[in-house]
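These are the residues of each chain, in order.
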Amino acid sequence: MANVSTVILGTGSYAPEKILTNAELAAMVDTSDEWIRTRSGIRERHIAAPGEATSDMAVAAAKRALEDAKLTPADVDLLIVATVTPDQTVPAVSCSIQHKLGVPTHAACFDLNAACSGFVYALDTACAMLSSGRYRHALVIGVEKLSAIVDWKDRTTCVLFGDGAGAAVLGISPQAGIGLIGSKLGAYGDSVDLLCIPKGGSTHPTTAESIAAGDHFLKMKGKEVFKIAVRAMEEAARDILEQHHLRADQIGLVIPHQANLRIIEAISQYLELPMERFYVNVDRYGNTSSASIPIALDEARKAGRIKPGDITLFVAFGAGLTYGAALFRW
Ligand code: UT7
């Protein structure tokens, strides 16, 4: 379908009520508020209530996004859910979300796992499918219940992550020059071991030994991941800008993956773009992986940080190791 733009029609987000502060974490593991703040910029994170599922958080964010777009679940014919923490390994959580939300059975529903880059991957996928002319409205959700997969005894990871959901409703517009300008996705598959859950998959199914060893929890070599994250996000941002003949100072707002304030500050320095042009909420949510960019996007829109005509850069990095950047004009 030629000459159509793929646009964001509405956004929504949801965070569980319970807030876990750094001080509370310091009572659980050998850490301190000072260490967590200075090394990551995180002050607190939201944690799902007992019995609150990934699908429940996703539905809450999706309802808000649909309301914002002035659409109903009946309008959705494509549902893509970016997550590494589906309700169950099989089937896809997108099907449970479809059912709970009341999205029609003719809608295509699938999950996408690109970890913290998941929302950017899902956005690009949705835009490509909408551009085909075979879908009218896509609901793209980034959602995580990372509290279920972190080892609450491992101070190197448990202080970093949080739970939440963000959603965007996309559609097509005959107006030229708005919506997705372009995207750049990629992965460094030689580094899968730097950020992974070692066991519990088909290669090493869960055993009593793997559980005793804590190998069903998320493990991260933080320092190595940090270095690759900065380089990959900077390169992806530069590539996409160059490809579309744009300069960094033409970006109204960068919405980066919220893993660590120091990563965001490094990218700001390398792109020579002041921190005022970056949306930051890692202090309040921690790293919510696939949910981090859509939560930040929803907050930024509702705070008036994005105006018609503005260009927004989404840039992300995560387990895989995946990376992605996307440029949108509003
Ligand atoms: O979202 C997907 C991508 N993920 C990321 O982008 C995360 C990237 N990595 C990071 O954000 C940072 O590497 C971390 C925040 C994870 C760690 O910060 P760091 O400055 O790289 O610290 P480090 O791992 O080098 O650890 C420094 C010290 C170590 O002690 P020694 O060996 O110097 O004595 C750690 O054992 O800090 C210690 N440490 C802690 N101390 C207090 C590690 N975790 C903690 C903790 N509290 N929670």
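Residues numbered from 1 in each chain as written. Predicted model: local features only at pLDDT ≥ 70, side-chain atom pairs only at ≥ 80, totals over all residues. Heavy atoms only, no water.

A.B. asks: Before we go on, may I ask you to explain the packing of aromatic side chains in this structure?
C.D. replies: Two measures describe an aromatic ring pair: the distance that separates the ring centres and the angle between the ring planes. Within this structure, the stated rule accounts for three aromatic pairs. Relative to phenylalanine 328, the ring of phenylalanine 314 has its centre 5.9 Å away and its plane inclined at 80°; by these criteria the two rings are edge-to-face. Here phenylalanine 314, found in strand β12 (residues 311-318), pairs with phenylalanine 328, found in strand β13 (residues 322-329); they are 14 residues apart in sequence, far enough to count as distant. As far as the burial class goes, phenylalanine 314 and phenylalanine 328 line up, both buried. Measuring from centroid to centroid gives 6.0 Å for phenylalanine 328 and tryptophan 330, while their planes differ by 35°, and the two rings are tilted. Each member of the pair phenylalanine 328 and tryptophan 330 is classed as buried. Of note, arginine 231 hangs over the ring of tyrosine 188, and the distance from its end group to the ring centre comes to 5.6 Å. (Phe/Tyr/Trp six-rings, centres within 6.5 Å; stacked < 30°, edge-to-face > 60°. Helix = DSSP H or I, 4+ residues; strand = E, 2+ residues; numbered from the N terminus. Buried < 20%, exposed > 50% of the residue type's maximum accessible area, 1.4 Å probe, protein only. Lys NZ or Arg CZ within 6 Å of the ring centre and 35° of its normal.)

A.B. asks: Could you clarify how one ought to interpret the sheet that holds strand β6 (residues 138-145) in this entry?
C.D. replies: The strands making up a sheet are joined through hydrogen bonds of the backbone, oriented either antiparallel or parallel. The mixed open sheet is built from five strands, whose spatial order is β1-β7-β6-β4-β5. Here the strands that pair on one side only, and so sit at the sheet edges, are β1 (5-14) and β5 (108-112). The sheet shows a mean angle of 20° between the axes of neighbouring strands, taken without regard to direction. Bridge count between β6 and strand β7 (residues 163-173): eight bridges; the pairing is antiparallel. Across the sheet, the residue bridging to valine 140 is alanine 168, located in β7. Here helix α3 (residues 54-69) sits on the sheet in contact with β1, β6 and β7, set at roughly 125° to β1. (Pairing = 2+ DSSP bridges. Axes fitted to C-alpha atoms, helices over the stretch in contact; angles between N-to-C directions. Contact = heavy atoms within 4.5 Å.)

A.B. asks: Help me out: how do you make sense of the sheet that holds β12 in this one?
C.D. replies: The strand order across the open sheet built from four strands is β8-β13-β12-β11, with neighbouring strands paired in mixed fashion. A single partner strand is all that each edge strand has here, and the edge strands are β8 (179-187) and β11 (253-256). Looking at each pair of strands side by side, their axes are set apart by 10° on average, direction ignored. Pairing of β8 with β13 involves eight bridges; the strand directions are antiparallel. Looking at β13, one finds that serine 183 is bridged to alanine 326. In this fold helix α11 (residues 292-302) packs onto β11 and β12, with an angle of close to 150° to the strand it touches most, β11.

A.B. asks: Just to check I follow, could you spell out a positive patch on the surface for this structure?
C.D. replies: A surface patch of like charges, here positive, comprises Arg39, Lys223, Lys227 and Arg262. Following the sequence through the fold, lysine 227 ends up in helix α8 (residues 222-243). (Patch = residues over 30% accessible without salt bridge, like charges linked within 9 Å, V, L, I, M, F, W, Y side chains within 5 Å. Areas by Shrake-Rupley, 256 points an atom, 1.4 Å probe, with all protein chains shown as cover. Salt bridge = Lys/Arg side-chain N within 4 Å of Asp/Glu carboxyl O. Lys, Arg positive; Asp, Glu negative; His and termini not counted. Charge placed at Lys NZ, Arg CZ, Asp CG, Glu CD.)

A.B. asks: What is the right way to read the site of the ligand from this model?
C.D. replies: Around the ligand sit 23 residues, and of these Thr31, Arg155, Lys223, Asn260 and Asn287 come closest. In the environment of the ligand, an oxygen atom lies 2.9 Å from a nitrogen or oxygen atom belonging to the side chain of lysine 223. At 3.0 Å, a side-chain N or O of arginine 262 approaches an oxygen atom of the ligand. In isolation the ligand exposes 950 Å². Once the protein is present, 75% of that is buried. The set of elements that each furnish at least two residues to the shell around the ligand consists of α2 (33-40), α6 (155-158), α8, α9 (261-271) and β12. For the shell around the ligand, the leading source of residues is α8, giving four residues. In the shell around the ligand, the residues fall into eleven nonpolar, seven polar and five charged. Per-domain counts for the shell around the ligand show at least three residues from each of domain 1 (5-177) and domain 2 (180-329). (Near = heavy atom within 4 Å. Polar contact = N/O pair within 3.5 Å; in protein donor to acceptor, adjacent residues only side chain to side chain. Nonpolar A, V, L, I, M, F, W, Y, C, P; charged D, E, K, R; others polar. Domains from an automatic or database assignment.)

A.B. asks: I'm lost on the nonpolar core in this one. Help?
C.D. replies: Soluble globular proteins tend to bury their nonpolar side chains together. Core analysis: the largest hydrophobic core is formed by 47 residues, its most contacted members being Val254, Ile263, Leu273, Leu313, Phe317 and Leu327. Put simply, the parts of the chain that give this core at least two residues each are α8, α9, β12 and β13. Counting residues per element, this core draws most heavily on α8, at ten residues. Here this core spans two domains, and each of domain 1 (5-177) and domain 2 (180-329) adds at least three residues to it. In this structure, phenylalanine 317 is in contact with Cys116, Ser117, Val225, Ile228, Ala229, Ala232, Met233, His257, Thr322 and Tyr323, ignoring residues within four places of it in sequence. Formed by 32 residues, the second largest nonpolar core is a distinct cluster that contains Leu78, Tyr135, Ala138 and Leu170. (Core = buried A, V, L, I, M, F, W, Y, C linked by side-chain atoms within 4.5 Å.)

A.B. asks: Hey, could you run me through the domain arrangement of the protein chain in this one?
C.D. replies: How large an interface is tends to be reported as the accessible area lost when its parts come together. Along its sequence, the protein chain is carved into domain 1 (5-177) and domain 2 (180-329). The gap between the C-alpha centroids of domain 1 and domain 2 is 14 Å. Residue-level contacts link 51 residues of domain 1 with 43 residues of domain 2. On the domain 1 side of the interface with domain 2, the three residues burying the most area are Cys116, Val120 and Tyr121, jointly 17% of the side's total. Summed over the shared surface of domain 1 and domain 2, the number is one salt bridge. For arginine 301, the salt bridge identified is with aspartate 68, shortest N-O distance 2.6 Å. (Buried area = accessible area lost by both parts, 1.4 Å probe.)

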